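The residues making up each chain are set out below.
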Amino acid sequence: MIMIRSPLLAASLACVLAAAALPVASAQEVKTDLYTVVDGNKVDPKTLAGFRAWRQANCAACHGANQEGLAGPSLIESMKRLTREQFNQVVLEGRVERGMPPHKQAPIVVDNLDAIYAYLKGRSDGAIKTSRVTAIE
Ligand code: HEC
């Protein structure tokens, strides 16, 4: 058995143990020109709108619930190399002969194109850890 004779040492040891038991209070924030992400799953309003538009337009049906790819390619990978112009082009005009439908007639996509781009970049960069995101409180 360990005997602690110094009351001061005993008190400081108790403090250290108590602090270790507390959850980590500091939030992890990643902020870029495109998005702000806290704790890997809370995002700024625009990025949140991008997630909602992604859901509403049902991109996941072809690209996977986690953007990992399904009938269509993994956007986690694609977003690493596509330029912003290429992204706009493929999403709006589609690549019909290869199975990517055009979305230029879909207001939810057209009106939220910047936001969808921000959300998918955040996923591809690894800043957004889970496909589902919520608002920063
Ligand atoms: C019906 C299935 C389908 C839906 C729905 C769909 N995609 Fe695609 N998408 C594809 C396929 C298939 C490709 C690959 C085309 C090719 O081979 O060039 C693709 C390609 C892409 C690419 C280019 C990837 C690359 O590596 O060049 C992007 C970006 C993309 N889709 C985004 C989206 C977004 C955003 C949505 C929702 C608004 C969406 N897609 C909805 C099937 C789909």
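This section reports on the structure supplied with the text. None of these values were measured; they are calculated from a predicted model.

**A few points about the overall build of the protein chain**
Moving on, step 1. Assigned secondary structure in the protein chain consists of seven helices and four strands.
Moving on, step 2. In the protein chain, the succession of helices and strands from N to C terminus is α-β-β-β-α-α-α-α-α-α-β.
Moving on, step 3. Within the span of the protein chain, comprising 137 residues, buried residues form 20% of the whole.
Moving on, step 4. Residue pairs at least 24 apart in sequence account for 62% of intrachain contacts in the protein chain once pairs closer than 6 positions are excluded.

**Some thoughts on the sheet that holds strand E2 (residues 36–38)**
Whether parallel or antiparallel, the strands of a sheet pair through hydrogen bonds between backbone atoms.
Moving on, step 1. Sheet architecture is open: four strands sit in the order E1-E2-E3-E4, paired in mixed fashion. Strand pairing shows two members of the sheet lacking a second neighbour, strand E1 (29–31) and strand E4 (134–135), which therefore form its edges.

**Focus on the site of the ligand**
Moving on, step 1. Around the ligand sit 23 residues, and of these Cys59, Cys62, Gly72, Ser78 and Met100 come closest.
Moving on, step 2. At the level of elements, helix H3 (60–63), helix H4 (75–81) and helix H5 (84–93) are the ones that each hand at least two residues to the shell around the ligand.
Moving on, step 3. In the shell around the ligand, the residues fall into 15 nonpolar, six polar and two charged.

**Here we look at the environment of Gly40**
Moving on, step 1. With respect to the element layout, Gly40 can be found in the loop between E2 and strand E3 (42–43).
Moving on, step 2. With 15 C-beta atoms counted inside 10 Å, the residue Gly40 sits in the partly exposed group.
Moving on, step 3. A C-alpha to C-alpha distance of 9.5 Å links Gly40 and Arg123, two positions 83 residues apart in sequence.
Moving on, step 4. Aside from chain neighbours lying at most four places away, what touches Gly40 is Gln28, Ile128, Lys129 and Thr130.

**Concerning the packing of helix H2 (residues 45–56) against helix H7 (residues 113–125)**
Moving on, step 1. It is the contact of H2 with H7, at a shortest axis distance of 7 Å, that shows an interaxial angle of 95 degrees. In terms of axis orientation, H2 runs roughly perpendicular to H7. Between H2 and H7, the contacting residues are Lys46, Thr47, Ala49, Gly50, Phe51, Ala53 and Trp54 on the first element and Ala115, Ile116, Ala118, Tyr119 and Gly122 on the second.
Moving on, step 2. For the contact of H2 with H7, the per-class residue count stands at eight nonpolar, three polar and one charged.

**A closer look at H7**
An α-helix turns once every 3.6 residues. As a result, residues three or four positions apart point the same way.
Moving on, step 1. Over its 13 residues, H7 extends 18 Å from the first C-alpha to the last, a length consistent with the 18 Å expected when each residue adds 1.5 Å.
Moving on, step 2. Taken together, the buried positions of H7 are Ala115, Ile116, Tyr117, Ala118, Tyr119, Leu120, Lys121, Gly122 and Arg123.
Moving on, step 3. Against E2, E3, H2, H4, H5 and helix H6 (107–110) lie the buried residues of H7.
Moving on, step 4. Among the residues trailing H7, Gly126 stands out with phi positive, at a value near 90 degrees.

**Things to note about the nonpolar core**
Moving on, step 1. Core analysis: the largest hydrophobic core is formed by 16 residues, its most contacted members being Ile116 and Tyr119.
Moving on, step 2. Among the secondary structure elements, those contributing two or more residues to this core are H2 and H7.
Moving on, step 3. When residues of this core are assigned to their parent elements, the largest contribution, six residues, is made by H7.
Moving on, step 4. Leaving out residues up to four positions away in the same chain, Ile116 has contacts with Gly50, Ala53, Trp54 and Val109.

**Concerning unusual backbone geometry**
Moving on, step 1. The phi angle at Asp39 is positive, at roughly 55 degrees, despite the residue not being glycine.
Moving on, step 2. With 12 C-beta atoms counted inside 10 Å, the residue Asp39 sits in the exposed group.
Moving on, step 3. Positive phi is not limited to glycine here, since Gln67 has a value of about 60 degrees.
Moving on, step 4. Look at Gln67 and you get buried, because 24 C-beta atoms sit within 10 Å.

Procedures and definitions
Residues numbered from 1 in each chain as written. Predicted model: local features only at pLDDT ≥ 70, side-chain atom pairs only at ≥ 80, totals over all residues. Helix = DSSP H or I, 4+ residues; strand = E, 2+ residues; numbered from the N terminus. Buried ≥ 20, exposed ≤ 12 C-beta atoms within 10 Å, placed from the backbone. Contact = placed C-beta atoms within 7 Å. Pairing = 2+ DSSP bridges. Near = placed C-beta within 6 Å. Nonpolar A, V, L, I, M, F, W, Y, C, P; charged D, E, K, R; others polar. Axes fitted to C-alpha atoms, helices over the stretch in contact; angles between N-to-C directions. Parallel < 35°, antiparallel > 145°, perpendicular 65-115°, else oblique. Expected span 1.5 Å × (residues − 1). Core = buried A, V, L, I, M, F, W, Y, C linked by C-beta atoms within 7 Å.

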